[in-house]
There are 2 protein chains.
Amino acid sequence: WIQVEEDGVEKLQRHFSFRNFEQALAFTNQIGQLAEREGHHPAILTEYGKVTVTWWTHKINGLHRNDFICAAKTDALLDQ
Amino acid sequence: WIQVEEDGVEKLQRHFSFRNFEQALAFTNQIGQLAEREGHHPAILTEYGKVTVTWWTHKINGLHRNDFICAAKTDALLDQ
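The rules behind the values
- Residues numbered from 1 in each chain as written.
- Chains lettered and ligands numbered in written order.
- Predicted model: local features only at pLDDT ≥ 70, side-chain atom pairs only at ≥ 80, totals over all residues.
- Heavy atoms only, no water.
- Pairing = 2+ DSSP bridges.
- Helix = DSSP H or I, 4+ residues; strand = E, 2+ residues; numbered from the N terminus.
- Axes fitted to C-alpha atoms, helices over the stretch in contact; angles between N-to-C directions.
- Contact = heavy atoms within 4.5 Å.
- Parallel < 35°, antiparallel > 145°, perpendicular 65-115°, else oblique.
- Left-handed = near helix turned anticlockwise from the far one by under 90°.
- Nonpolar A, V, L, I, M, F, W, Y, C, P; charged D, E, K, R; others polar.
- Salt bridge = Lys/Arg side-chain N within 4 Å of Asp/Glu carboxyl O.
- Buried < 20%, exposed > 50% of the residue type's maximum accessible area, 1.4 Å probe, protein only.
- Least-squares fit on C-alpha atoms with pLDDT ≥ 70 in both.
- Phe/Tyr/Trp six-rings, centres within 6.5 Å; stacked < 30°, edge-to-face > 60°.
- Lys NZ or Arg CZ within 6 Å of the ring centre and 35° of its normal.

Participant: How would you summarise the sheet that holds strand 3 (residues 43–47) of chain A if you had to cite specific residues and measurements?
Facilitator: Here eight strands make up an open sheet; going across it, the order is 1(A)-2(A)-4(A)-3(A)-3(B)-4(B)-2(B)-1(B) and the pairing antiparallel. Of all the strands in the sheet, just strand 1 (2–6) of chain A together with strand 1 (2–6) of chain B have a single pairing partner and so form its edges. Ignoring strand direction, the axes of neighbouring strands in this sheet form an average angle of 25°. Looking at chain direction, strand 2 (residues 9–17) of chain B and strand 4 (residues 50–55) of chain B are connected through six bridges and run antiparallel. The partner of Ser 17 of chain B across the bridge, within strand 4 of chain B, is Lys 50 of chain B. The strands that helix 1 (residues 21–38) of chain A touches are strand 2 (9–17), strand 3 and strand 4 (50–55) of chain A together with strand 3 (43–47) of chain B; relative to strand 3 of chain A, the one it contacts most, it runs at about 165°. With respect to the sheet, helix 2 (residues 65–77) of chain A is in contact with strand 2 and strand 4 of chain A, its orientation differing from that of strand 2 of chain A by roughly 5°.

Participant: So what's going on with the environment of Phe 27 of chain B? Residues and values would help.
Facilitator: Mapped onto the elements, Phe 27 of chain B comes out in helix 1 (residues 21–38). Those residues in contact with Phe 27 of chain B, other than ones at most four positions away along the chain, are Phe 16, Phe 18, Val 51, Thr 74, Leu 77 and Leu 78 of chain B.

Participant: Mind laying out the packing of helix 1 of chain A against helix 2 of chain A, listing which residues take part and the relevant values?
Facilitator: Residue and element names in this part refer to chain A. Orientation of helix 1 relative to helix 2, taken along the N-to-C sense of each, is 140°, at an axis distance of 10 Å. The angle between helix 1 and helix 2 falls in the class oblique. Considering only the axes of helix 1 and helix 2, their crossing is right-handed. Here helix 1 contributes Phe 27, Gln 30, Ile 31, Leu 34, Arg 37 and Glu 38 to the contact with helix 2, which in turn contributes Asn 66, Cys 70, Lys 73, Thr 74 and Leu 77. Classifying every residue of the contact of helix 1 with helix 2 gives five nonpolar, three polar and three charged.

Participant: How would you explain the pattern of salt bridges if you had to name every residue and give the values?
Facilitator: Between side chains of opposite charge, a pair can form as their charged atoms come close. Residue and element names in this part refer to chain A. Enumeration according to the criterion identifies six salt bridges over all chains in this entry. Between Glu 38 and Lys 73 there is a salt bridge, with its nearest N and O atoms 2.8 Å apart. Pair noted here: Glu 38 is in helix 1 and Lys 73 is in helix 2, with a separation of 35 residues, a long-range link. A residue is classified by how much of its surface remains accessible, and Glu 38, at 26% relative accessible area, is partly exposed.

Participant: Outline the relation of the copies chain A and chain B, listing residues and values.
Facilitator: Rotating chain A by 180° and moving it 0.0 Å along the rotation axis overlays it on chain B with an RMSD of 0.0 Å. The transformation relating the two chain copies, once decomposed into turn and shift, fits a two-fold axis. Among all residues of chain A, the one whose C-alpha sits closest to the rotation axis is Leu 45 of chain A, at a distance of 2.1 Å. Counting the interface residues of chain A, we find that 100% of their copies in chain B are interface residues as well, pointing to one common contact surface.

Participant: Tell me what's going on with the packing of aromatic side chains, and back it up with residues and numbers.
Facilitator: Applying the stated criterion to the full structure yields six aromatic pairs over all chains. Aromatic side chains Phe 16 of chain A and Phe 27 of chain A sit 4.9 Å apart centroid to centroid with 55° between the ring planes, which places their arrangement in the tilted category. On the criterion of sequence distance, the pair formed by Phe 16 of chain A in strand 2 and Phe 27 of chain A in helix 1 is long-range, its members being eleven residues apart. Each member of the pair, Phe 16 of chain A as well as Phe 27 of chain A, is classed as buried. Judged by centre distance (5.2 Å) and plane angle (40°), the rings of Phe 18 of chain B and Phe 27 of chain B are tilted. By way of ring pairs, the aromatic residues Trp 1, Phe 16, Phe 18 and Phe 27 of chain A are connected into one cluster. The positively charged end of Lys 11 of chain A is found above the aromatic ring belonging to Trp 56 of chain A, 3.7 Å away from the centroid.

Pasting the structure below:
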């Protein structure tokens, strides 16, 4: 994960690589389920063979401890 | 749809609004099915209540007639 700044807001971002679009979209859906469980929703960019996930907390316009936890949980999805 | 330029590449982009994350993700999946049918894959940014779709053709680093057709087919998904 890298810390990026978008429009003055600090965010956590990571790219994940996949073999094709279908597998990328499947991971997007796994993240969607995680987001609903957590009640916290990232931005997910789905492309052919690639998913870019960005976590931050709108309410504080930046990073909360929970964003780092959700980033770790995103990584853990890959081990399932 | 608006025409945007990213890194010197012309692309077609549109934002779609939804009530929540779940509905946004459902639309992302509809677009994913369209993409597989067409054998042409956009970038889909899924956020809480919002989906941003971007079509362009990698092979020509720009816009092909097919991108405009896929944009129209994306719109048509909403009427289903």
